[in-house]
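# Structural overview for review
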Amino acid sequence: MNQPLLAEAKLFANYLGANNGDDALLGRYVNAIELLQLPLSTKEAVVVNKLIQMPFLLALIDGGYALLQPNNTIRKRILVMSALMETDPKYVNRFLVQQNSSFPIFHFLYRGSVAVAKGVIGAVLIIIFRWK
Amino acid sequence: MEIIDVIIVGSGCTGAMAAETLCASGKKVLMLDAGITGTVDLQGNDNFVQKRFEDNNQADFFLGKQLEALAEATHPNIPQQTAQRKFMSDDTDKFIPVHSNNFFPVESLALGGLGNGWGLGSYTFSNNELKKCGLLPHEMKAAYQTIAQRIGISGEATDDASNYCHNNEIDLQHALTLNPSAKNLYKKYQRKKNSFHAKGMFMGRPSLALLTADKNNRKAYTYKDLDFYGNEGSAAYRPYITINELVKQGKLEYQSNWLAVSFKEENGYTALDCINTTTNERKTFHAAKLVLATGTLGTSRIVLRSFQQKDKLPVLCNAYTYMPMVHWPFIGKKNTGQFCGLAQLAMFYDKEHNHTNVAMASIYNYRSLLNFRILKQMPLNHADGMKFLHLIVPALFVAGIFHPANYQAQNFIQLQQSSTAVTGDILHTDYTYLGNELQEIAATEKTYAKAFAQLSCLVLKKMRTATGASIHYAGTLPFSEAEKLYHISPEGKLHGANHVYVADGSGFTFLPGKGLTLSLMANAHLVAKKILQHG
C-alpha cells in the first residue's frame, strides 16, 4: 500500500476520531485518494509532512485554512475521510442523533466558539509559518 | 421515404405530456431522444436510517462506486448531485456545449431529461401570471386538471398557500406527513400568520407530483427518505413512467441515441436532421408535424441552426437564492425517525398582493444528502465541524427562493461556430441581474430572512447561486400573434415554419417566481391538442 498516503490516512482518521487501527477505513481512504486524484501542491505536501510529525496542530491548521484557503487540497482530503466515516456503520452515531441531546444550545454555542477560536489561531499560524 | 405523422424531439416532462395527448388520437408518433439512462429504481427494502446503521457497503450507494459524490464538480450548478442522478448531465459538454462567463444552465440528454431530478413542486400559475407568460388562462386551467389526473399530485386543499399552489383547480391526493421539525415550524407560522399576511407572506403545504395513495401501477410514497437516490414504487412522477407505458402499449415509438440538429420544410412535410450519439452517423427523419420539446435552450439551438445561426435570442431565467438555516428548537434533537427529503413547506411572498410578481420559497429539511456536503461549505475545522453538524442537522432547513424574471436587454443566447463541437457550434450565453431587478432580489432575500427569524430560524447564509441554478429557462422564442421569425404563435406553432411546433417553455414571456413544471406540461398538452385540431 502507498505508505505516505497511509500515514496521512492515519493522521486524518485520528484527527476525526476514528477507531485506532481501523485498517479497512485507512485502506478505503488510500483507494479513494488514488481514485479521486486530488494532488497536493509542493507546499501542501510539506504541510502534511509537518502535521504527521505534529498532529496536535491539525485542528488549528485545518480551521485556519477554512478561513484563509477553503479550497485547499488538504481540506479536500480531510473531507474525503469524513465522508468515508459517515458512510461506515461503525461511525454513524457521530452523524445521526439517536437520542435528544441534553443542553443542546449550550453545546451548540460551545462547539461553535471553540471551532471559530481554533480557526483564528490556525490562521495566524499559517501566516507565521508561510503555509498559505 | 417514410413520413411519420408526428415526431417529438425530447423526452422530458413536456415531451412526455405531448406524446400522451398525441398518442391517444391514434396518430403514429415517434419520439427521438439522446436517451441516456441510469438506475433510478431502488433495490431492496431499506430505508435511510436502516441503511446507515446496517449496510457495510453503503458508501457505494451514497458516494457512488466511483466516488462520484466526492469528485470535483465540473458544473457550478449541480453541486448536490448524487451518483444515481449523474446520468442526467452525462455527455452534455460533448453534445450541447455552452460557453459563458456568467450563465451556467443545467441541461440533460437523459431519457426523461431534467424531469429525473425534478423536485416535484407542482404549482398552477394565477391568471395574472398566465397572461404575463402569454398563456391563455381558461385553456390552461383545464389543462392543469388533465395533467394532475395523469401524473398524480398530493397537497393540501385549503391552507394559506393553496391559492398560490393550486387554487383548487386540480384534484389532489392528501398531503405528505410533515417531518417533526417542519411541523413545529408550521405551527409557529400559524400562531403568527396575521403578521405574515400583512406583509404579503403565506405559508402552506406544497403540492407535489408525488403519490400518497396508489394510482394505476404506481405505489404510494413510503417515507424511506431516499428521495435523491431512487424512486421506489414510482411514487414520484418522472417522465420515463409515461414514455415507458406508451411504448409498452404500442402507442409510441421511442428511438434513443439521436440528437436533433436542424429541420427544413419540403413539399408539405418536415425533414429533421439528426446525429447518432454513439456512431456520429447522420440521418434525416421525415414527419408531417414536428414537435420540439427539448427544453428552452435545446429547442433554441435547433431553431437557430434551422433559420439563421447568427441571431441573438432573448432568454429568461429565475434568479435563485439558497438559504440554509437552523431552527433553534430542534438543535440536538433525535433525527432517526420517519422523514421525507422532499419540500415540506412552501412560502409565497406576494408583495403587491395581486399574485403577479410572487417569489416562492421551497423549504426542505436536510438529512439524506449526508453531512459531508454541508461540512464542505462550513468555515470550520472538520473535527469540530462534524460535532457541530451532528447537533444542527436535526434543526437544519434549506429554503430555495425563486425570484420572478422579466426580460432584460442585456441577457441573450447565441450560437457560435466551434470546430471542436460535434454539431459544429456552441451556445454562447450572457445573463446578469442588474439595476432594479437586482435590488428587488436583495429586498426579497432580506424579507425572507426576517420572516424566517420570526419563525425561530437562524439564517446561516444567503447564497445567491450562479446564474442558471434555478434550472428554469424560458422565453427564447416569445409567443406572438404577429408572424415574426423566432416567435411562436399562441397555439405553439413556430412562425417561419408551417409544420413545426414548440411544446416547451421557449414561448413564455415571463417566468413567475415559482415552480413551472406543471405549467410547462399543461402547455405541452395544449400544443399537442392544437396539432390534433389542425389535422
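Everything quoted here is computed from the prediction, not taken from an experiment.

### So, the overall build of chain A
Along chain A, the regular secondary structure elements total six helices and zero strands. Walking chain A from its N terminus toward its C terminus, one meets helices and strands in the order α-α-α-α-α-α. Its C-alpha atoms give chain A a radius of gyration of 16 Å, within 12% of the compact-globule value 14 Å for 132 residues. C-alpha extents for chain A along the principal axes are approximately 45 × 35 × 25 Å. Burial status across chain A gives 40% buried among its 132 residues. For chain A, the proportion of contacts with a sequence separation of at least 24, taken over those separated by at least 6, is 76%.

### Focus on the overall build of chain B
Counting its secondary structure elements, chain B contains 15 helices and 20 strands. Taken over C-alpha atoms, the radius of gyration comes to 22 Å for chain B, in line with the 24 Å a tight globule of 535 residues would show. By principal-axis analysis of the C-alpha atoms, chain B measures approximately 70 × 55 × 45 Å. Sorting the 535 residues of chain B into buried and exposed places 55% on the buried side.

### Some points on the interface of chain B and chain A
Facing the 38 residues of chain B at the interface are 40 residues of chain A. With 10 residues, helix 13 (residues 382–392) of chain B is the largest single contributor of residues to the side of chain B that touches chain A. When grouped by side-chain class, the residues that make up the side of chain B that touches chain A number 19 nonpolar, 11 polar and eight charged.

### Some points on the domain arrangement of chain B
Residue and element names in this part refer to chain B. Considered domain by domain, chain B is made up of domain 1 (1–36 + 64–118 + 238–316 + 407–432 + 471–535) and domain 2 (121–233 + 319–403 + 434–466). Put simply, the middle of domain 1 and the middle of domain 2, counted by C-alpha atoms, are 28 Å apart. Every contact between the two is made by 32 residues of domain 1 and, on the other side, 33 residues of domain 2. Among the elements of the structure, helix 1 (13–23) and helix 15 (517–533) are those that each provide at least two residues to the side of domain 1 that touches domain 2. Among the elements that line the side of domain 1 that touches domain 2, the one with the most residues is helix 15, at eight residues. Grouping the amino acids of the side of domain 1 that touches domain 2 by side-chain chemistry returns 13 nonpolar, 16 polar and three charged.

### A look at the sheet that holds strand 16 (residues 425–430) of chain B
Residues and elements named next belong to chain B. What the four strands build is an open sheet, ordered 3-16-15-9; its pairing is mixed. What marks the edges here is a single partner per strand, and that holds for strand 3 (98–99) and strand 9 (312–314). In terms of strand pairing, strand 3 meets strand 16 through two bridges, oriented parallel. Each bridged residue has a counterpart across the sheet, and for V98 the counterpart in strand 16 is L427. Of the strands in this sheet, strand 9, strand 15 (412–417) and strand 16 are in contact with helix 11 (residues 296–306), which crosses strand 15 at around 55°.

### Let's talk about helix 14 (residues 435–454) of chain B
Each α-helix turn comprises 3.6 residues. Residues three or four places apart therefore point the same way. With 20 residues, helix 14 of chain B ought to run about 28 Å at 1.5 Å a step, and its terminal C-alpha atoms sit 29 Å apart, in line with that. The positive-phi residue at the C-terminal boundary of helix 14 of chain B is B:S456, with phi of around 65°.

### A word on the packing of helix 2 (residues 23–36) of chain A against helix 5 (residues 73–86) of chain A
All names here are of chain A. At a minimum axis separation of 10 Å, helix 2 and helix 5 run at an interaxial angle of 130°. The angle between helix 2 and helix 5 falls in the class oblique. As for how helix 2 packs across helix 5, the hand of that crossing is right-handed. Along its contact with helix 2, which presents L25, R28, Y29, A32, I33 and L36, the element helix 5 presents R77, V80, M81, L84 and M85.

### Focus: the nonpolar core
In summary, soluble globular proteins display a tendency toward joint burial of nonpolar side chains. Residues and elements named next belong to chain B. By size, the foremost hydrophobic cluster in this structure holds 207 residues, and its most contacted members are I7, A18, A19 and V291. Split by domain, the residues of this core number at least three in each of domain 1 (1–36 + 64–118 + 238–316 + 407–432 + 471–535) and domain 2 (121–233 + 319–403 + 434–466). Beyond its immediate stretch of four places on either side in the chain, A18 contacts I8, V291, A293, A503, A524, H525, V527 and A528.

### Re the pairing of strand 1 (residues 3–9) of chain B
All names here are of chain B. By the criterion of burial, strand 1 is predominantly enclosed, with five of the seven residues buried. Judged from the six bridges that link them, strand 1 and strand 8 (residues 282–292) form a sheet pairing that is parallel. Its bridge partner lying in strand 8, I4 is registered against A287. Handedness of the β-α-β unit built from strand 1, helix 1 and strand 2 (residues 29–32) comes out right-handed.

### Focus: the packing of helix 1 of chain B against helix 15 of chain B
Residue and element names in this part refer to chain B. The geometry of helix 1 relative to helix 15 is characterised by a closest axis approach of 8 Å and an angle of 35° between their N-to-C directions. Here helix 1 and helix 15 pass one another in a crossing that is right-handed. Contact with helix 1, carried on its side by C13, T14, M17, A18, T21 and L22, involves T517, L520, M521, A524, H525, V527, A528, K529, I531 and L532 of helix 15 and no other residues of that element. A class-by-class count of the residues in the contact of helix 1 with helix 15 yields 11 nonpolar, four polar and one charged.

### Regarding the pairing of strand 14 (residues 396–402) of chain B
Residue and element names in this part refer to chain B. Summarising burial for strand 14: seven of the seven residues are buried, a large majority. By the alternation rule, side chains of strand 14 split into L396, V398, G400 and F402 and F397, A399 and I401, which are all buried. Relative to strand 14, strand 11 (residues 320–327) runs antiparallel, the two sharing seven bridges. Bridging from a neighbouring strand, M323 pairs with A399 of strand 14.

Cut-offs used in this document
Residue numbers run consecutively from 1 along every chain, following the written order of its sequence. A letter from A marks each chain and a number from 1 marks each ligand, given out in the order of writing. Thresholds applied to this predicted model are a pLDDT of at least 70 for local features of residues and 80 or more for the giving and counting of side-chain atom pairs; totals over whole chains, interfaces and linings are not thresholded and use all residues. We count a stretch as a helix when DSSP gives it H or I for four or more residues in a row; a strand needs E for two or more, and each element gets its number in order from the N terminus. We compute the radius of gyration from the C-alpha atoms alone; for a globule the expected value is 2.2 Å times N to the 0.38, where N is the number of residues. Neighbour counting defines burial: a residue surrounded by 20 or more other C-beta atoms within 10 Å of its own C-beta is buried, one with 12 or fewer is exposed, and intermediate counts give partly exposed, using backbone-placed C-beta atoms. Note on contacts: each residue gets a C-beta atom placed from the backbone, and two residues are in contact if those atoms are within 7 Å. Side-chain classes follow a simple rule in which Ala, Val, Leu, Ile, Met, Phe, Trp, Tyr, Cys and Pro form the nonpolar group, Asp, Glu, Lys and Arg form the charged group, and the remainder, Gly included, forms the polar group. Domain start and stop positions are those given by an automatic or database domain assignment. One requirement defines pairing of two strands: DSSP has to find at least two bridges between them. To get an axis, a line is fitted to the C-alpha atoms, and for a helix only the part in contact is used. The angle between two axes follows their N-to-C directions and goes from 0 to 180 degrees. To estimate the expected span of a helix, subtract one from its residue number and multiply by 1.5 Å. Orientation is classified from the angle alone, with under 35 degrees giving roughly parallel, over 145 giving roughly antiparallel, 65 to 115 giving roughly perpendicular, and any other angle giving oblique. Crossings are sorted by hand: turned counterclockwise from the far helix by less than a right angle, the near helix makes the crossing left-handed, and turned clockwise it makes it right-handed. By convention in this section, buried Ala, Val, Leu, Ile, Met, Phe, Trp, Tyr and Cys residues joined through C-beta atoms within 7 Å make up a nonpolar core. We call a crossover right-handed when, viewed with both strands directed away from the observer, the connection leading from the first strand over the helix to the second proceeds clockwise.

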